[in-house]
Amino acid sequence: MTVRNRAAGMVLMVMVAPAAWAQTRSLDDVRFTGPLLTPSPSTLPQGQFFLQPYLVQTHGSGSYDDKGDRHALAEANDTSLLSVLLSAGLTDRLTGELVMDTARSSQGGQHSDGYRLADSALRLRYLFREGDPLTGKSALAVMWGQALPTGRHDRLGDNLLNGQGSGAYRSTFSLLGQAYHWLPNGRPLRWRWQARWSPSPRDVSLTGRSVYGTEQGFRGQVSPGSAVGAGLGLEYSIDAHWALALDLGASHQSGNAVDGTVLDGDSQRQRIHRRDRASRSYSIAPAVEYNVSDQLGFLVGVQASLPGGRNSAAYVSPQVSMALSF
């Protein structure tokens, strides 16, 4: 065999080997439910539905100041959240989603008046490019989300814990990706990512005590800041039923601007203008998945804040979820 023939043979082997390796891969015993935070770019087939309720218990024990130093809260706060995600395949490439939340909060012996409706959201996700798990080809999608201010945000009276909303019609635009990486042991590592941007929504009117720190007698509005964020989710398939998941997240929001008037002791209106500092936060969320079948799975994990935050909360948030396709 000449040197030229040997070189051509080696090139042919390099070209054929990945395809032959891909043929040995199989998704027959691979199932995923999570991860906890990073959304999937995949869409549902037309006419198919997906239901995923979350039960989340958040314990806030501190906060990060403008320098990133952590300070303990004088009184820890706890929030129990029930979140329900309902998805529907509108077409094979377009999926619509509705998110509904209800929450109950407590702090220092006080608590909200039972479970209160929080803000809801509508989302549309369009799949630009379908991925191929066997070859590693990545999927790519875009998502538009619209927050609906169904939760109460002002006129809170004597109980600030009843404030579970923002009052803002906030839009969020996301770019989503997902791919599979096959490990030497023949098991897949699925990874997905999200980059999101939320422009400043329209001003929100405020009356009295509110979630934005205004007091009784206040009248005015708040200009919520814009926000950006990114997330990375990893899942490792152990077998047909078990998988491990991990999310890493980061977000940044520019400060809110509060403007209005408040009654002083002489029943005169005093002008108030306040500009809040920008905030940023980092979090990690490990989880364990148990998949009963292709239609039913469970996800148990915990999200926790990471050092490096600015003007944001320090918290730990255990959560459990069920995923059902039908």
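Residues numbered from 1 in each chain as written. Predicted model: local features only at pLDDT ≥ 70, side-chain atom pairs only at ≥ 80, totals over all residues. Heavy atoms only, no water.

**Examining the sheet that holds strand β15 (residues 269-275)**
Reasoning step 1: The sheet built from four strands is open, its strands ordered β10-β11-β14-β15 with antiparallel pairing. Each end of this open sheet is capped by a strand with a single partner; those strands are β10 (204-207) and β15. Geometrically, the sheet is characterised by an average inter-axis angle of 15 degrees between neighbouring strands, direction not taken into account.
Reasoning step 2: Bridge analysis of β10 against strand β11 (residues 218-223) gives four bridges, and the strand direction is antiparallel. Following the sheet pairing, S205 is matched in β11 by Q221. (Pairing = 2+ DSSP bridges. Helix = DSSP H or I, 4+ residues; strand = E, 2+ residues; numbered from the N terminus. Axes fitted to C-alpha atoms, helices over the stretch in contact; angles between N-to-C directions.)

**Some thoughts on the confidence of the model for the chain**
Reasoning step 1: Summing up the model confidence of the chain, the mean pLDDT is 91 and the portion of residues at 70 or higher is 92%.
Reasoning step 2: Within the chain, the element-level pLDDT minimum falls on helix α1 (residues 3-24), averaging 45, and the maximum on strand β7 (residues 139-148), averaging 98.
Reasoning step 3: Long-range and interchain partners of residues 7-23, a stretch whose pLDDT sits below 50, account for two contacts in this model, where long-range means more than four residues apart. (pLDDT = per-residue confidence, 0-100. Contact = heavy atoms within 4.5 Å.)

**Considering the side chain of D247**
Reasoning step 1: In this fold, D247 is placed in strand β13 (residues 242-253).
Reasoning step 2: As a buried residue without a salt bridge, D247 has its nearest oppositely charged side chain in R192, at a separation of 7.1 Å.
Reasoning step 3: One polar contact links the side chain of D247 to the main-chain amide nitrogen of L36, over a distance of 2.9 Å.
Reasoning step 4: A polar atom in the side chain of D247 sits 3.0 Å from the backbone nitrogen of L37.
Reasoning step 5: Every residue in contact with D247, bar those within four places of it in the chain, is listed here: P35, L36, L37, T38, L232, G233, S283, I284 and A285. (Buried < 20%, exposed > 50% of the residue type's maximum accessible area, 1.4 Å probe, protein only. Lys, Arg positive; Asp, Glu negative; His and termini not counted. Salt bridge = Lys/Arg side-chain N within 4 Å of Asp/Glu carboxyl O. Polar contact = N/O pair within 3.5 Å; in protein donor to acceptor, adjacent residues only side chain to side chain.)

**Considering the packing of aromatic side chains**
Reasoning step 1: Scanning all chains against the criterion turns up five aromatic pairs.
Reasoning step 2: Centroid distance F32 to Y180: 6.2 Å. Interplanar angle 55 degrees. Geometry classified as tilted. With F32 in the loop between α1 and β1 (49-64) and Y180 in strand β8 (residues 171-182), this pair connects stretches of sequence that are 148 residues apart.
Reasoning step 3: For F32, a relative accessible area of 17% gives the class buried.
Reasoning step 4: The class of Y180 is buried, set by a relative accessible area of 15%. (Phe/Tyr/Trp six-rings, centres within 6.5 Å; stacked < 30°, edge-to-face > 60°.)

**Observations regarding the side chain of Q146**
Reasoning step 1: Its place among the elements puts Q146 in strand β7.
Reasoning step 2: Separated by 2.6 Å, the side chains of Q146 and S171 make a polar contact.
Reasoning step 3: Apart from the residues within four sequence positions on either side, Q146 is in contact with S120, A121, L122, Y169, R170 and S171.

**Concerning the nonpolar core**
Reasoning step 1: Counting eight residues, the largest nonpolar core consists of A168, V204, L206, Y212, F218, V222, V258 and V262.
Reasoning step 2: Looking at this core, the elements with two or more residues in it are β10, β11 and β14 (257-263).
Reasoning step 3: Once residues within four sequence positions are removed from consideration, Y212 is found in contact with S166, L206, V222, N256, V258 and R274. (Core = buried A, V, L, I, M, F, W, Y, C linked by side-chain atoms within 4.5 Å.)

**A closer look at the pairing of β11**
Looking along a regular strand, one sees side chains alternate from face to face of the sheet.
Reasoning step 1: Residue alternation in β11 divides its side chains into a buried set, F218, G220 and V222, and an unburied set, R219, Q221 and S223.
Reasoning step 2: Pairing of β11 with β14, which is carried by six bridges, proceeds in the antiparallel orientation. Within β14, the position partnered with S223 by the bridge is A257.

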